[in-house]
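# Remarks on the overall topology
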Amino acid sequence: MATPEPTPSPETAPPAPPRRSGARAAVAAWLRGAGWFGHWLPGAVLALLLGAGVAGWIWAGQDGSLPRALGWAQAWLDDPDSAAGQLQADAVQGSLRGGGTVQTLRWTRQGLDVQLQGLTLRWHSAQLIDALLLRRLQIDTLHIDRVQVDDQRTPQPGEPLQAIELPLPVDLPWSLDRLDLSGRQTLRLDSLRGHYRYRPVEPGDRQAWGQAHAAVGEAHHLRLDALTMAQGSYQAEAVLGAQSPLPLHVAAVGRVQAAVPEGERLDLHAAASASGTLAGQSATLDVQAHVLPAGVEGTPTLAASARVMPAAAQPLQRIDAQAHALDLALLWPQAPTTALSGRVQAAAEGSVWRAQLDLRNARSGPWDRQRLPLDRLQGSIEQDGPLWRITDLQATLGAGQVLGNGRFRWAESGQPAQWQGELQARAVDPARLWSALAPARWDLQASARQRAEQPDTIALDARLQGAGDSGGGLRLRELRLLGQWRSAAGGGQLQLDEARLDAAQAQLDAQGVLDLAAPRFDGRAALQLPGAQGRLSGVLAAADGQGTLDLNLDAADRLLGWLHGLRSLPVIGPRVAETLARIPQLSEGTLTGQ
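Every chain begins its residue count from 1, and numbering advances along the sequence as written. Given that this is a predicted model, residues contribute local features only at a pLDDT of at least 70 and side-chain atom pairs are listed and counted only at 80 or more, while totals for whole chains, interfaces and linings are drawn from all residues. Here the side-chain values reflect all heavy atoms present in the structure, with hydrogen atoms and water set aside.

## Considerations on unusual backbone geometry
Stated precisely, the cut-off is as follows: In DSSP terms, a helix is any run of H or I states spanning at least four residues, a strand is any run of E spanning at least two, and both are numbered starting from the N terminus. Relative accessible area decides the class of each residue, using a 1.4 Å probe on protein chains only: under 20% of the type maximum gives buried, over 50% gives exposed, and in between gives partly exposed.
That bond from Ser244 to Pro245 is cis: its omega, 15 degrees, falls within 30 degrees of zero. By the element assignment, Pro245 lies in the loop between β9 (232–241) and β10 (247–259). Here the phi dihedral of Leu134 falls at roughly 55 degrees; this positive angle occurs in a residue that is not glycine. With respect to the secondary-structure elements, Leu134 resides in the loop between α3 (125–132) and β4 (137–138). For Leu134, a relative accessible area of 52% gives the class exposed. Although it is not a glycine, Gln370 sits at a positive phi angle of roughly 60 degrees.

## Some points on the pairing of strand β27 (residues 532–541)
Across a regular strand the side chains alternate sides, sitting on one face of the sheet and then on the other. This is how the line gets drawn: Strand pairing is assigned whenever DSSP detects at least two bridges linking the two strands.
Where strand β26 (residues 520–529) meets β27, 10 bridges bridge the pair, whose relative direction is antiparallel. In the strand pairing of β27, Gln528 is matched with Gln533. Following β26, the chain reverses through 2 residues before pairing antiparallel with β27; Gly531 in that reversal takes a positive phi of roughly 90 degrees. Relative to strand β28 (residues 548–553), β27 runs antiparallel, the two sharing 6 bridges. The residue bridging Gln533 from the neighbouring strand is Asn552, located in β28.

## Regarding the confidence of the model for the chain
Formally: As a per-residue measure, pLDDT reflects the predictor's confidence and takes values from 0 up to 100.
Chain-level statistics for the chain give a pLDDT mean of 83 and a share of 83% at 70 or above. Per-residue pLDDT, averaged within each element of the chain, yields its smallest value for strand β29 (residues 589–593) (52) and its largest for strand β8 (residues 218–229) (95).

## Regarding the side chain of Thr457
Our working rule: Contacts are assigned to residue pairs with any non-hydrogen atoms lying within 4.5 Å of each other.
Tracing the backbone through its elements, the reader meets Thr457 in strand β22 (residues 454–467). What Thr457 contacts, discounting residues up to four positions off in sequence, is Arg449, Gln450, Arg451, Gln484, Trp485 and Arg486.

## Focus: the pairing of β22
Sheet analysis places strand β21 (residues 441–451) next to β22, joined by 11 bridges and oriented antiparallel. From the neighbouring strand, Asp443 faces β22, where its bridge partner is Gln465. As defined by bridge partners, β22 adjoins strand β23 (residues 476–488) across 9 bridges and the pair is classed as antiparallel. Bridging across to β23, Ala459 finds its partner in Gln484.

## Here's the deal with the packing of aromatic side chains
Note on aromatic pairs: each is described by the distance of the centres and the angle between the planes. This is how the line gets drawn: Side-chain rings of Phe, Tyr and Trp, where Trp is taken by its six-membered ring, are said to pair if the distance between their centres is within 6.5 Å; with planes under 30 degrees apart they count as stacked, over 60 as edge-to-face, and otherwise as tilted.
Using the criterion set out here, one finds 1 aromatic pair in the structure. Aromatic side chains Trp353 and Trp388 sit 6.0 Å apart centroid to centroid with 65 degrees between the ring planes, which places their arrangement in the edge-to-face category. Of the two residues, Trp353 sits in strand β16 (residues 352–361) while Trp388 sits in strand β18 (residues 387–397), which places them 35 residues apart along the sequence. With a relative accessible area of 10%, Trp353 lands in the buried category.

## Points about the side chain of Asp180
Following the sequence through the fold, Asp180 ends up in strand β6 (residues 170–183). Given the relative accessible area of 13%, Asp180 is considered buried. Residue contacts for Asp180: discarding those within four places in its chain leaves Arg146, Val147, Gln148, Val149, Leu187 and Arg188.

## Focus: a nonpolar patch on the surface
What counts is decided by this rule: Patch rule: a residue counts if its relative accessible area is over 30% and it has no salt bridge; like charges are joined within 9 Å, and nonpolar side chains (Val, Leu, Ile, Met, Phe, Trp, Tyr) within 5 Å. Throughout, the Shrake-Rupley method with a 1.4 Å probe supplies accessible areas, and for residues the shown protein chains are the sole cover considered. Every case where a carboxyl oxygen of Asp or Glu lies within 4 Å of a side-chain nitrogen of Lys or Arg is listed as a salt bridge.
On the surface, a nonpolar cluster with roughly 280 Å² of combined accessible area is contributed by Leu479, Leu501, Leu508 and Leu527. Structurally, the position occupied by Leu479 is in strand β23. Taking relative accessible area as the criterion, Leu479 reaches 38% and is therefore assigned partly exposed.

## Examining helix α7 (residues 573–582)
Basically, it comes down to this: To be clear, the arc concerns the directions from the helix axis to the C-beta atoms.
Residues of α7 that are buried: Gly573, Val576 and Leu580. Burial along α7 is one-sided: seen end-on, the buried residues are contained in an arc of 60 degrees. α7 presents Pro574, Arg575, Ala581 and Arg582 as exposed residues on the side facing more than 90 degrees away from its buried surface. In this fold, the buried residues of α7 make contact with α6 (556–565).

So this is what it looks like as structure tokens:
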């Protein structure tokens, strides 16, 4: 018979497992929750990003997204001191995914003002995706009605180029109806059309450069299909390597149509090319150009070759140009009408650069009639660092002749600029310089000399005397100037020991000091005009003048008629016209003031 197992007594029961504290239980629960959260968090973030991306993509396709994006860019660039400049856009329409139009887009930065009018951009969604993924930037249409560039910046020496790289390939057809440049230079170009690409180097690029340039992997390619300037139409193609040494090749052709004085049409064919490199201090370009009558073999109108080193102290290292009946107005809109024949040569010899010129002009005439008042010009120019010399200058105009020489040194190391020279003119007819001047004979003797004991002071001595009949036109009888010029920051001072002007029936005598920086005149002057007389003594200034002015007007009609006759004069004519437009009437009387 089995014996039953004894039932353990309470005293002998096994101990119960220890109970967890409340803090440990909370930690365990948090860990379980964190594990679940960590498991689902990446998916939630990804879903959120995808949702935001889809929402942004939908928004970018809606009309109005382009003006909103440009508005954000305007706000970001709103600071006038921003190094990136300021942006202003008006009348914007379109979307970021499809493109749009901008009536006016203006960007300004430190003296540079660029305005675009009538901007049209067209692309599609696939092209935008490629650009966002840095695969390729391609635009179907880029058209601008007008671009105006006003550059008032002070020229500053820049660092030599080393590389011009872009982060992705670019394919951009473009067109521009009109380009206006203003500032130090003025230029107008019309009807521009072309295509720009940034792409890997092709075998044809290396062939154009003339060397393999194995380190160059990408290239900028610009094709100019059409350009109109003055009376010519032009096409060009350029290939520029993106990596050092920045190899460049440019080829351009053009056709110029103009009317010659005999009334016939003249067609000229122009061609130019440039090859070399743009990187570093040793950057060098060789340039060739010629202009000749279209379809005719013979003497070219212009044949020129040059070597240019952009980073050198004297960029134009060598030039040899020959001209035959060249009309500058056909090639450059602001140039006068000419018929130039002759030769210009220049070359660097060590640190010295020398140039010689001998030109004849068979179509001379007054400057105000878009002609060049010059029959022949000969001379030599020499540069040695900051020093320039002009020697054996000879210019002829009809029976008149001008002779001159001089030297000029740029300011450096705290020293002011230095210049001196002599100029002589004999039997020059002023009517051949400016048609409103009366025919006469001008004889001029002028000199400017630096004072050895005062490097910032230049002694001036000039006398021009005119002789001739008393026919019509404005006449200059005498100009006398004796004094000295002192250089100063912001301008300078002209001390007039003797100053006399007898021209256009007016006489002016003056002595004193003219401070151009102030501006301020301290001295005395007497003025005699047709129908009026005046005297000035003391200090004449805008704010602290202490002078006395006596003006007697005894024949207002005579004075007004004389003033109207001055409107055709060079330099002062436009200002006289503006002043007369603001004067309602003149009446006789005497005026005394301080």
